[in-house]
Amino acid sequence: MKLYDKGVYLLNGTELVQDTPDAAAVIKSRTGDEAEPARAKTQTIAYQILKEHNTSGNMEHLQIKFDKLTSHDITFVGIIQTARASGLEKFPIPYVLTNCHNSLCAVGGTINEDDHMFGLSCAKRYGGMYVPPHQAVIHQFAREMLAGGGKMILGSDSHTRYGALGTMAMGEGGPELVKQLLEQTYDINMPQVAGVYLTGKPEKGVGPQDVAIAIIKEVFASGFVKNKVMEFVGPGVANLSVDFRIGVDVMTTETTCLSSIWKTDEQVKEFYEIHGRSEDYKELNPGQAAYYDCMIELDLSTVKPMIAMPFHPSNAYTIEELNANLMDILDDCDKKAQVSFNGAVELNLKDKVRNGKLYVDQGIIAGCAGGGFENICDAADILDGAGIGADEFTLSVYPASMPVYMELVRNGAAAKIMAAGGVMKTAFCGPCFGAGDTPANNGFSIRHSTRNFPNREGSKVQNGQIASVALMDARSIAATAANKGYLTSACDIDVNFTKPKYFFDKKIYENRVFDSHGVADPSAEVKMGPNIKDWPKMCALTDNLVLKVVSEIHDPVTTTDELIPSGETSSYRSNPLGLAEFTLSRKDPAYVERAKEVQKAEKAREEGGQPYEALPELKDAVDVILQKFPDADEHNTGIGSTIFAVKPGDGSAREQAASCQKVLGGWANIAHEYATKRYRSNLINWGMLPLVIPEGELPFGNGDYLFLPGIREAVEQKAADITAYAVKNGALQEFHMTLGELTDDEREIILKGCLINFNRK
């Protein structure tokens, strides 16, 4: 794999020319065209799709309107509740509500199914589509029924990626979908485009997860494609089946890119024909001379079976490399666990080595990444005639949709897996985010799913539990299962891949999916279970702010799973106050009570009472502030909390990572950098200041009070520099931060306190 960090031209889809002083002459000799980067940038597939969806008239500052929206059952309740508070009358574009996260209805009594009934009733009232539990995971339904060539889809799940089908899709926090429901726009600067130039053909046994992990390993740490669009081109694309492309594409989220798009061809056309939607196919290719801001060049034949060890998809090795350096790599993982869990529990993967081989406890093939037809058929071929054994090792397979499942039953693949001892389960995202198949304590699971963050498998460090996940391709998981749990590369076994043809049967969707066909029914009553709560009132930004630092995190990256845990919280995401109790529970269990103490002071201020009675320690800090700023008082100075994290927001699009802090009185995050655009957008949409402080020794620590004088005016006036003060040893210590670029609407959202206030009628 080769990375070009400067501009690269792609000529006729087959030749790379680096942007050097000689490039113009080379390009003119090849194409007869002048090489001018600004014009050549318009020749990418990404540019053309963005141009067609931009409403601003300015391709430097985009205002995008999407063609369709999609959400699942731990996001759509909050989204629709937010839109309802802002006067929603009908869904203005197709909006699909899937139910693939809280499908089990196993936690919290009736509340999960209450959320489902809320979704069905809203689909009827506002004119949407509703996909019942166990029918399809969100992204597979979108591939089968929503994607279209040249279209754009916005989803409230970070793995909203349908680029392999010619659809530019983005995963964002719920407030961005609210804006689309209220006929507002998705506002971004024109993103850079990173080309991914593929050549060669994968060797037998190598699957899409292997290619994806290899790419993530190379680009994640450096931020090579952060907030860029990845555009897959080159002759190697034709050597990949559409299912293979989809498997690579969905994992682009883990690179921190903004979106993805692929060139399309006859194989993609056949995909649409198989799904009865031939009219949705569109041929997409870059122009004769297309300019990419950077380029990844990958010869697919060089990719080996990969494994991403705990606790990130980028912590990757070839399986061959892992087996050759087993104890050293496992020791490194154990040390990473000590750092990640602050020594609270001890992971010991070295105990998994038996007779010099790594024994794993569990294999999972599931969800939007692993549950595709081709992945499972290949796994079934490997398991045909084998047995997984009667020891600890278990194997679970979750087809990504009921149509895929039905075809696996019809062609015998499901029978092969079950005969080997594997368990076939229904379409469900649980194993991907910690709500299904949680291993035993100190268990080690290999999964063809999307993430392997700490506790992503469902264990709870706060309860003394620990387990861990490594990401692998379905083929090597099946090879490991056939070897009764001993880690095995799919390239090390002899197998005949039968590659059966896929036949899509949409009868089950016709029988079970509710489709309003865009017709709203205002007479339909919205069904509100007792756990579904409105968002609490949030006040506008005050002239000045007093902030208490209530958590300080120095990990290189902080995931959204650490900001608000995934699995055990899913049933509470319709209840803002109930969910907020889990904020930072894995990373900093004292956070919630610290934040609540500060919030009591702010509530007292808002109600005209005495903040100091609610939080006595505040008076000492305010006395110091008043010495320099005597005009700051309870009428113009809000009181709130903030956290510091080096690089927060990697991972999920879940808005609750920000909204839970806001519900508990958070007014800001302070960071050296934000890991993803979507997390920063979530902060803004919940009225929180996305502050950035330069790297170096911090002028404050956990428990310190900060004062931001004139912060409202600074936001209004688009100040490049934010002056702040830390209360230290009875004095004010000045320091400086920035807010980064904000659109006018984003500034107004922060000024009004949140998106709900911005839109409230």
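To be clear, the structure that these remarks concern was listed above.
Residues numbered from 1 in each chain as written. Predicted model: local features only at pLDDT ≥ 70, side-chain atom pairs only at ≥ 80, totals over all residues. Heavy atoms only, no water.

1. Side note on the overall build of the protein
Move 1: The number of helices and strands found in the protein is 29 helices and 34 strands.
Move 2: For 761 residues, the compact-globule estimate of 2.2 N^0.38 gives 27 Å, and the protein sits close to it at 26 Å.
Move 3: Seen along its three principal axes, the alpha-carbon backbone of the protein occupies a region of about 80 × 65 × 60 Å.
Move 4: Burial analysis of the protein (761 residues in total) assigns 64% to the buried set.
Move 5: Excluding contacts between residues fewer than 6 apart, the proportion of contacts in the protein whose partners are at least 24 apart in sequence is 76%.
Move 6: As presented, the protein carries roughly 26500 Å² of accessible surface, and 47% of it is formed by carbon and sulfur atoms.
Move 7: Here the protein contributes 75 positive and 100 negative side-chain charges, whose respective centroids are spaced 3 Å apart. (Helix = DSSP H or I, 4+ residues; strand = E, 2+ residues; numbered from the N terminus. Rg over C-alpha atoms; globule rule 2.2 N^0.38 Å. Buried < 20%, exposed > 50% of the residue type's maximum accessible area, 1.4 Å probe, protein only. Contact = heavy atoms within 4.5 Å. Areas by Shrake-Rupley, 256 points an atom, 1.4 Å probe, with all protein chains shown as cover. Lys, Arg positive; Asp, Glu negative; His and termini not counted. Charge placed at Lys NZ, Arg CZ, Asp CG, Glu CD.)

2. Some points on the sheet that holds strand β3 (residues 15-18)
Move 1: Taken in spatial order, the three strands of this open sheet run β3-β2-β14, and their pairing is antiparallel. Bordering the open sheet on either side are β3 and β14 (289-292), each of which pairs with just one other strand. Strand-to-strand twist of the sheet, defined as the mean angle between neighbouring strand axes without regard to direction, takes the value 25°.
Move 2: For strand β2 (residues 8-11) and β3, the ladder comprises four bridges, and the chain directions are antiparallel. (Pairing = 2+ DSSP bridges. Axes fitted to C-alpha atoms, helices over the stretch in contact; angles between N-to-C directions.)

3. A short note on the side chain of Arg-475
Move 1: Residue position: Arg-475 is located in helix α18 (residues 474-482).
Move 2: You can call Arg-475 buried: its relative accessible area is 2%.
Move 3: Looking at Arg-475, its side chain comes within polar contact range of the side chain of Asn-375, at 3.0 Å.
Move 4: If we skip the residues at most four places from it in the chain, Arg-475 touches Gly-205, Val-206, Gly-207, Pro-208, Glu-374, Asn-375, Asp-378, Ile-382, Ala-490 and Phe-497. (Polar contact = N/O pair within 3.5 Å; in protein donor to acceptor, adjacent residues only side chain to side chain.)

4. Some words on the pattern of salt bridges
Where charged atoms of side chains with opposite charge meet at close range, the side chains can pair.
Move 1: Applying the stated criterion across every chain yields a total of 39 salt bridges.
Move 2: Beyond isolated ion pairs, a larger network of salt bridges with shared partners links Asp-331, Asp-334, Lys-335 and Lys-350. (Salt bridge = Lys/Arg side-chain N within 4 Å of Asp/Glu carboxyl O.)

5. With respect to the nonpolar core
For soluble globular proteins, the rule of thumb is that nonpolar side chains tend to be buried together.
Move 1: Grouped together as the largest cluster of nonpolar side chains are 113 residues, with contacts concentrated most on Phe-141, Leu-198, Val-211, Met-309 and Leu-408.
Move 2: What Val-211 contacts, discounting residues up to four positions off in sequence, is Val-206, Phe-244, Val-248, Leu-298, Leu-300 and Val-303.
Move 3: Ala-83, Met-152, Ile-749 and Leu-755 belong to the second largest nonpolar core, which has 55 residues in total. (Core = buried A, V, L, I, M, F, W, Y, C linked by side-chain atoms within 4.5 Å.)

6. Focus: the pairing of strand β8 (residues 152-155)
Move 1: A two-sided burial pattern is seen for β8, the buried positions comprising Met-152 and Leu-154 on one face and Ile-153 and Gly-155 on the other.
Move 2: In this structure, strand β5 (residues 68-71) lies alongside β8, joined through three bridges in parallel fashion. Bridge pairing in β8 links Leu-69 to Leu-154.
Move 3: Strand direction decides the pairing type here: β8 and strand β9 (residues 168-171), joined by four bridges, are parallel. For Leu-154, the partnering residue across the bridge sits in β9 and is Met-170.

7. Quick look at the environment of Val-268
Move 1: Topologically, Val-268 is positioned in helix α10 (residues 266-274).
Move 2: Measuring from C-alpha to C-alpha, the distance between Val-268 and Glu-346 comes to 47 Å, with 78 residues separating the pair along the chain.
Move 3: When sequence neighbours within four positions are dropped, the list of residues in contact with Val-268 reads Ala-164, Leu-165, Val-242, Arg-245 and Tyr-281.

8. Comments concerning the packing of aromatic side chains
Move 1: Counted under the stated rule, the structure contains 19 aromatic pairs.
Move 2: Look at Phe-232 and Trp-262: their rings are 4.0 Å apart centre to centre, the planes differ by 5°, and that puts the pair in the stacked class. Of this pair, Phe-232 sits in strand β12 (residues 229-233) while Trp-262 sits in strand β13 (residues 259-262), and the two are 30 residues apart along the sequence.
Move 3: A relative accessible area of 0% means that Trp-262 is categorised as buried.
Move 4: Plain terms: the ring middles of Tyr-398 and Phe-428 are 6.4 Å apart, the flat faces sit at 50° to each other, and that makes the pair tilted. (Phe/Tyr/Trp six-rings, centres within 6.5 Å; stacked < 30°, edge-to-face > 60°.)

9. Remarks on α18
Move 1: Within α18, eight of the nine residues are buried, leaving the element largely enclosed by the surrounding structure.
Move 2: Within α18, the full set of buried residues consists of Ala-474, Arg-475, Ser-476, Ile-477, Ala-478, Ala-479, Thr-480 and Ala-481.
Move 3: Residues of α18 that are buried sit in contact with α8 (208-219), α11 (319-324), β20 (362-365), α14 (373-383), β21 (394-397) and β23 (444-448).
Move 4: A positive phi of about 60° marks Lys-484, the residue just after α18.

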